[in-house]
Amino acid sequence: MNSPPPRERNEMTASRSRFYRPALIAAIIALLGLSGFMQRLLNNDRVAMGISRGEPLGNSAPPVLVFTTVALGGFRGLIANALWIRAMELQDEDKYFEKVQLADWITKLQPHFTTVWIVQAWDMAYNISIKFTDPRDRWQWVQRGIELLRDEALKYNPDEPLIYRELGWIFQHKIGADLDDAHFYFKSQWAKQMNDVLGGTNYEALINPQTEDEKRRATILREKYKLDPVHMKEVDDEYGPLEWRLPESHAIYWATLGLKRAKKQEQITLQREIYQPLQLAFQRGRLIEFTVGTNRQYQVGPNLAMIPHANKAYEKAMLEDTEYSNHIATAHKNFLKDAVYFLYTQNRRADAEQWMKYLVKKYPDATAYDARNPSKPAEKIADLTLDDYCVAKVTEDIGETSHTRVQQAIEGFLINSYYNLAIGEDDQGIGYSLLAEKIWARYQRETSRNKSQTVRIGLPPLQDLKKDTLNQFDQTYNPILVAQLHTKLGLPAPVIAPTSPPTNAPAASPPPGSSPNQ
């Protein structure tokens, strides 16, 4: 068979090219459209069958996300996997800025890929923030990690408990703990933000705002911070009274939301996310606000008022979750041991005795270790007097480097000092004061060996601690005792400085047990 002449072959080839390329383009468009259509049907079937981890993106998703989801169909998973492998390589190379950008692409391709959201937020709050020396720069990245989980990850994964847990962890650990050199700055900035949106208000005003100011605050609370005042009140009723200017309260808030969505095997981690910050909120959940020059600063102290509610919450959890009741019981026992000790050091002996009886009845095998006798095994608390148990705890606390516990011990001794001076027991009062000074000096000496450690976990100046504790005494004790103390110290009559009221609307009267006759 003879082939056509070269000129005719070229004309035939040119003719096919004119139709071939448009046909290929049309086929590609049609196949992409078909792929998107089938993907949408598959997504709807997955949701209907309950095998999807999230709802369809909806109209609120960014256009680029909707496009990649529809256009790439099932291929976006392959691309996301390739990008994830590259992200892990960047992590090994300590290139976190590039990794965050890559993770941003992955979340746009696979918005229901929970691990990527969590790792990306961790990188921002931890790995990237510490690369900056200025606390203001660090704080921006910590906030960005929170916003990523709270504002974006939960939008596409509202029923994913791991995201709630991670969000609570950043509040509890990154802001609440003292492992970052800038943790005081983080706490201060968060307290100021919450003070601006919550200060001077109460739950009812936030749930049903009436004035323009209340409506503005309620809107900011819901839209910017994604906090539902109804759930805040529920959390406070169960665990409180909580101070919402402190990070531990927000850790509990997000963990309780996640717990409502968690499966059985996921609940224990979220319960820990409640018990750990709950214990911290008790140990340091009272915010003390004061002004130095023109700067508003914050200190924290024990929130003894939350002991009864927190105790009920522990017991309720043990009854409802029998599978993990042993884990919860351990946390409950530690909480009760601290409650007895804190009440004792804050000169609330009657309450301390009451809770110690409860502790021994509930946990008869509970033990305490006396640091004064390191060769002696731990003793049963049931065999100790209240004094012996608390003295053992004091020696244990002042021997460690937890600035929270040491500061609490110092404030407790100062309160006892002021109380004894007020009632005329001067020798006892001076003795407590000298002991507080020795504990402060010893701790500062131990931590000053490392300069960075001094900044991170150093105590405030002793005079500031004395001033704060005296102010606490003035606000909670009988006015007659307060007047006697000021006379004894040669100080003018106390002037209670106005402070922003706690967000949980504190009682006007002193907390139960603070009366000197108890």
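Here the structure is a predicted model, which means the values were calculated and not measured.

(A) Inspection of the packing of aromatic side chains at higher detail. The full count for this structure, using the stated rule, is 18 aromatic pairs. Taking 5.3 Å as the distance between ring centres and 70° as the angle between the ring planes, the aromatic pair formed by F282 and F335 counts as edge-to-face. Of this pair, F282 sits in helix α13 (residues 267-284) while F335 is found in helix α15 (residues 325-345), placing the two residues 53 residues apart along the sequence. For F282, a relative accessible area of 0% puts it in the buried group. An aromatic cluster is defined as three or more aromatic residues linked by ring pairs; in this entry it consists of Y275, F282, Y314, F335, Y341 and F342. Just above the ring of Y126 sits the side chain of K174; from NZ or CZ to the centre is 4.8 Å.

(B) Region of the structure containing the nonpolar core. Ranked by size, the top nonpolar core spans 104 residues in total, and within it W254 and F473 carry the most contacts. The dominant element in this core, judged by the number of residues it contributes, is α15, at 11 residues. Beyond its immediate sequence surroundings of up to four residues, F473 is in contact with I415, Y418, Y419, A422, L481, V482 and L485. Formed by 9 residues, the second largest nonpolar core is a distinct cluster that contains W84, A103, L109 and V116.

(C) Unusual backbone geometry, seen in detail. In the Ramachandran plot, K226 falls in the positive-phi region, its phi being about 55° despite a non-glycine side chain. With respect to the helices, strands and loops of the structure, K226 is situated in the loop between α10 (212-223) and α11 (229-239). Take K226: its relative accessible area is 33%, and that puts it in the partly exposed class.

(D) Fine view of the confidence of the model for the chain. On average, residues of the chain carry a pLDDT of 78, and 77% of them reach 70 or more. Within the model, the stretch residues 498-518 combines pLDDT values under 50 with 35 contacts to residues more than four positions away or in other chains.

(E) Geometry of the packing of α13 against helix α14 (residues 307-320). Packing of α13 against α14 brings their axes to within 11 Å, and their N-to-C directions diverge by 165°. The orientation of α13 with respect to α14, classified from their angle, is roughly antiparallel. Crossing hand, α13 versus α14: left-handed. Counting all contacts with α13, which are made through Y275, L278, Q279 and F282, the residues of α14 involved are I307, A310, Y314 and A317. Here the residues of the contact of α13 with α14 sort into 7 nonpolar, 1 polar and no charged.

The rules behind these values
- Residues numbered from 1 in each chain as written.
- Predicted model: local features only at pLDDT ≥ 70, side-chain atom pairs only at ≥ 80, totals over all residues.
- Heavy atoms only, no water.
- Phe/Tyr/Trp six-rings, centres within 6.5 Å; stacked < 30°, edge-to-face > 60°.
- Helix = DSSP H or I, 4+ residues; strand = E, 2+ residues; numbered from the N terminus.
- Buried < 20%, exposed > 50% of the residue type's maximum accessible area, 1.4 Å probe, protein only.
- Lys NZ or Arg CZ within 6 Å of the ring centre and 35° of its normal.
- Core = buried A, V, L, I, M, F, W, Y, C linked by side-chain atoms within 4.5 Å.
- Contact = heavy atoms within 4.5 Å.
- pLDDT = per-residue confidence, 0-100.
- Axes fitted to C-alpha atoms, helices over the stretch in contact; angles between N-to-C directions.
- Parallel < 35°, antiparallel > 145°, perpendicular 65-115°, else oblique.
- Left-handed = near helix turned anticlockwise from the far one by under 90°.
- Nonpolar A, V, L, I, M, F, W, Y, C, P; charged D, E, K, R; others polar.

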